[in-house]
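Geometric and topological summary
These are the residues of each chain, in order.
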Amino acid sequence: MAAHGAALGSAGLGLGHAMAQALGGRYGISHGALNAVVLAPALRFNEAVAGEEIARFGEAMGAGEDVPKAVEDLARMAGFERLRDLGVPEPELPVVAAAAAERVGAKANPRAASPGEIADLLHLVAPAAHGDNAGEGAERHDHVDHHVNDHTLHALLGSCRKA
């Protein structure tokens, strides 16, 4: 497990993976769906210290210069945009952030992240869109099989490590 966390961490993806694990463990939501939502904020957080690795990840995706934006666009195309759409209550994000900070991926992340910083990242992808009513119409995706997202993400990560 530690080697897995270190590999994700060296690619600048450990924090996103840790957030997805903490959320999935607490709410029973697909790991792939959660990675789709939280990966872009984690990439932005790590850009200053893992820019070259993130650029390789973007090249493997066929993304342009803004890799986090490309990840967001891909997630949006798959129907994943906000944590609240997956049934994650925003008031609980500080608790989830504290759990994520203790995960192997977060500890192996190339840039240290405090629980407060992780909570801030989660809040970026939690709220309702402008004009949305956060209490109405939240569609849950947790019963849909998203293993393709996991496999796609891990295949891209493998491409980055080989590059």
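Residues numbered from 1 in each chain as written. Predicted model: local features only at pLDDT ≥ 70, side-chain atom pairs only at ≥ 80, totals over all residues. Heavy atoms only, no water.

**Some thoughts on the overall build of the protein chain**
Each helix and strand counted, the protein chain has eight helices and zero strands in total. The order of helices and strands in the protein chain, counted from the N terminus, is α-α-α-α-α-α-α-α. In the protein chain, which comprises 163 residues, the share counted as buried stands at 45%. Long-range contacts, defined here as pairs at least 24 residues apart, represent 78% of the contacts in the protein chain between residues at least 6 apart. Accessible surface, the protein chain: about 7,900 Å² in total, of which carbon and sulfur atoms supply 54%. (Helix = DSSP H or I, 4+ residues; strand = E, 2+ residues; numbered from the N terminus. Buried < 20%, exposed > 50% of the residue type's maximum accessible area, 1.4 Å probe, protein only. Contact = heavy atoms within 4.5 Å. Areas by Shrake-Rupley, 256 points an atom, 1.4 Å probe, with all protein chains shown as cover.)

**Some remarks on the side chain of N46**
Within the element layout of this structure, N46 appears in helix α3 (residues 31–61). In terms of polar contacts, N46 uses its side chain to reach the side chain of N109, at 2.8 Å. (Polar contact = N/O pair within 3.5 Å; in protein donor to acceptor, adjacent residues only side chain to side chain.)

Read these as geometric descriptors, not functional statements.
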